[in-house]
Amino acid sequence: MAQEAKSDTAQEPLVLKLPHPYLTAYKVVNVAPKNQPKSYQVQLSSENTTGKEVAPPTTLHNDTVSFSDIGTLSQDAVPPMGDNSSWARARRSPHVTVTWVKDRPSVPQLWLIAYALVSLQPLVENFRVVLSGKDSQALAQELYATGLFHSHPKASNASAPQDGHLLFRGTFWQGAASPFGARPVWAPHLNASGKPIDRQYPPFPFQNAPSTQFPALPRHTMHPVREPKPEPGSIIYSRWVPHLKEHFTMVALDYTNDEHLRLFNKWQNDPRVAAGWNETGTLDQHREYLRKLHEDPHVLTMFAAFDDILFAYFEVYWAMVSQNGVRSIANFQLNRCHRRTTWVPTTSHRRTIAVGTLSSGTSDSEDPIACLHGGLASCTTCFSTSHAPGTWLVSLQRRVARC
């Protein structure tokens, strides 16, 4: 009986949801007849709704589009391991065929299929995708323009096969082909009520500016101009975690919000937290502490939540002009191992959608280090500083979103 139950569970469709504010639920269903090779469709899932959903700006599902299970080339067709050319690596990548029977799907609809692929196959870094249907080449050219798909590298031998297009996990999680505008899917631009802030402008431009902190600190540096801080109380990061079946979100802290202030005060006065932060105090003292951080352009304060239950607090500093990196507190009850391996690398994803990150902790912070190595990022350097004894981690978003 136990074995039968396990088999039934394995057949449950994968549930995917869009990030805030849309939250639309989909399921990845095998629509192939019995005893036939698997053929998946991404369908709307009415049984996984909560009533909070908002229709996305464009239709993402398409019932005329399906995709195969991943496969690999036969042994005699695989390039030898000694061939490490771009062409050979592309041929060795798992391949999948996307098929449609009517008009070609849109780029946003291919984005949804890419979302399903990287979720179904969390250990696959690169996919070779064969597009099969009307106007497939025109669709491929549109996908190339977004950076989500790339053309198959050519071999030195002109007769070598080069069918398919490359889908990279890393470009997907950086927000390529986002159907919701110029911002990455996972970093919505919302107000405190969760409503989208309409903005049709291009991404924030790059421009260096000086920063001088004399006489308070002997520091003068150049750094990129930062975007204005998000609205207090607004969701600044949102991602569905399939294996938990929960949304992970990060919320800009609002020091005028009584719930935010009291939660911060409660955590800082916990002896376990106080041992590392040394920030015990009254509500008034913590209100002033958070007010100063709110007015400091070099730092962003935020909470993290699973399905709207706040469980962690973060201070994210602009490392080029601050002696701090990232400091955090996590609620023990929502910080079990299966969740920690999600939220530690995911907070790194929020900070490193475009750049690297600098995190701090004590020298015995083995769990965060292990979570970063095993999740979204890789730690490239560990070091200590005189003003903050402990371990600093430099991590890069190389292996994006293996979860």
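Residues numbered from 1 in each chain as written. Predicted model: local features only at pLDDT ≥ 70, side-chain atom pairs only at ≥ 80, totals over all residues. Heavy atoms only, no water.

1. Regarding the overall build of the chain
Defined as follows: Under the scheme used here, helices are H or I runs from DSSP no shorter than 4 residues and strands are E runs no shorter than 2 residues, and both carry numbers assigned from the N terminus. Note on exposure labels: buried denotes an accessible area under 20% of the residue type's maximum, exposed denotes more than 50%, and partly exposed covers the range between, all computed with a 1.4 Å probe on protein chains only. Residue contacts follow a heavy-atom distance rule, with two residues in contact if any of their heavy atoms lie within 4.5 Å. In short, Shrake-Rupley with a 1.4 Å probe defines the accessible areas, and a residue's cover is counted only from the protein chains shown.
When helices and strands are counted, the chain shows ten helices and 18 strands. Scored against the burial criterion, the 403 residues of the chain give a buried share of 46%. Across the chain, the fraction of contacts at a sequence separation of at least 24, relative to all contacts at a separation of at least 6, is 61%. Of the roughly 20600 Å² of accessible surface on the chain, a fraction of 53% belongs to carbon and sulfur atoms.

2. Quick look at the nonpolar core
Heads up, the condition is: Among buried residues, those of type Ala, Val, Leu, Ile, Met, Phe, Trp, Tyr and Cys that are joined through side-chain atoms within 4.5 Å constitute a nonpolar core.
By size, the foremost hydrophobic cluster in this structure holds 58 residues, and its most contacted members are Phe67, Val98, Trp111, Leu131, Leu148 and Phe172. Looking at which element gives the most residues to this core, the answer is helix 3 (residues 107-120), with ten residues. Residues within four places of Phe67 in sequence aside, it is in contact with Val28, Lys38, Ser39, Tyr40, Val42, Val96, Thr97, Val98, Ile113, Ala116, Leu117 and Leu120. By size, the runner-up hydrophobic cluster in this structure holds 18 residues, among which are Leu253, Tyr255, Phe264 and Leu293.

3. A few points about the sheet that holds strand 8 (residues 165-168)
Definition in use: Strands were regarded as paired on the criterion that DSSP finds at least two bridges between them. Here an angle of 0 to 180 degrees is reported between the N-to-C directions of two axes, which are lines fitted to C-alpha atoms, with helices fitted over the stretch in contact.
Read across the open sheet, the eight strands follow the order 1-2-3-4-5-6-8-7; overall the sheet is mixed. Each end of this open sheet is capped by a strand with a single partner; those strands are strand 1 (14-17) and strand 7 (149-151). Here the average twist between neighbouring strands, direction ignored, is 30 degrees. Sheet topology note: the strand 7/strand 8 ladder contains three bridges and is antiparallel. Looking at the pairing, His150 lines up with Leu166 of strand 8. With respect to the sheet, helix 3 is in contact with strand 1, strand 2 (25-30), strand 3 (39-44), strand 4 (65-68), strand 5 (95-100), strand 6 (126-132), strand 7 and strand 8, its orientation differing from that of strand 1 by roughly 130 degrees.

4. Re the environment of Arg183
In this fold, Arg183 is placed in the loop between helix 5 (169-173) and strand 9 (208-212). With 20 residues separating them in the primary sequence, Arg183 and Pro203 have C-alpha atoms 7.0 Å apart.

5. Some thoughts on the packing of aromatic side chains
For any pair of aromatic rings, the description consists of the separation of the ring centres together with the inter-plane angle of the planes. We count it as follows: Stacked, edge-to-face and tilted are the three classes for Phe, Tyr and Trp ring pairs, Trp counted by its six-membered ring, which pair at centre distances within 6.5 Å; planes under 30 degrees apart are stacked, over 60 edge-to-face, the rest tilted.
Under the defined criterion, the tally for this structure stands at 20 aromatic pairs. Where Phe306 meets Phe311, the ring centres are 4.9 Å apart and the plane angle is 20 degrees; that geometry is what we call stacked. Judged by relative accessible area, Phe306 falls into the buried class, the value being 2%. Ring pairing ties together the aromatic residues Tyr22, Trp111, Tyr115, Phe172, Trp173, Phe180 and Trp186, which thus form one cluster.

6. Some points on helix 8 (residues 283-295)
Formally: Between the first and last residue of a helix there are one fewer steps than residues, each counted as 1.5 Å, and that sum is the expected span. Here the arc refers to the set of directions running from the helix axis out to each C-beta atom.
Its 13 residues place the ends of helix 8 18 Å apart at the C-alpha level, agreeing with the 18 Å of an ideal helix rising 1.5 Å per residue. Regarding helix 8, the residues found buried are His286, Tyr289, Leu290 and Leu293. The buried residues of helix 8 occupy an angular sector of 90 degrees when the element is viewed end-on, so they sit on one face. Across helix 8 from its buried face, at more than 90 degrees, point the exposed residues Asp284, Lys292 and Glu295.

7. Structural notes on the environment of Ser106
By the secondary structure assignment, Ser106 is in the loop between strand 5 and helix 3. Ser106 gets classed as partly exposed once you look at its relative accessible area, which sits at 27%. Note: C-alpha distance between Ser106 and Asn62 (44 residues apart in sequence) is 9.1 Å.

8. Topic: helix 6 (residues 258-268)
This is how the line gets drawn: As used in this structure description, the phrase polar contact means that two N or O atoms lie within 3.5 Å; if the pair is within protein, one of them must be able to donate a hydrogen and the other to accept it, and residues adjacent in sequence are counted only when both atoms belong to side chains.
Within helix 6 the residues assigned to the buried category are His260, Leu261, Leu263, Phe264, Asn265, Trp267 and Gln268. Its side-chain oxygen at 2.8 Å from the backbone nitrogen of Glu259, Asn257 defines the N-terminal cap of helix 6.

9. Some thoughts on the pattern of salt bridges
Worth spelling out the cut-off: Only one rule defines a salt bridge in this text: a Lys or Arg side-chain nitrogen within 4 Å of an Asp or Glu carboxyl oxygen.
Scanning the model with the defined rule gives eleven salt bridges in all. Glu12 serves as the salt-bridge partner of Lys245, at 3.9 Å between the closest nitrogen and oxygen. Taken together, the residues Lys245 in the loop between strand 11 (235-241) and strand 12 (246-252) and Glu12 in the loop between helix 1 (2-10) and strand 1 connect sequence positions 233 residues apart. Of the charged contacts in the structure, one is a salt bridge between Arg91 and Asp163, with a shortest N-O distance of 2.8 Å. A residue pair is termed long-range when its members are at least 10 positions apart, and Arg91 in helix 2 (residues 86-92) and Asp163 in the loop between strand 7 and strand 8 qualify at 72 residues.

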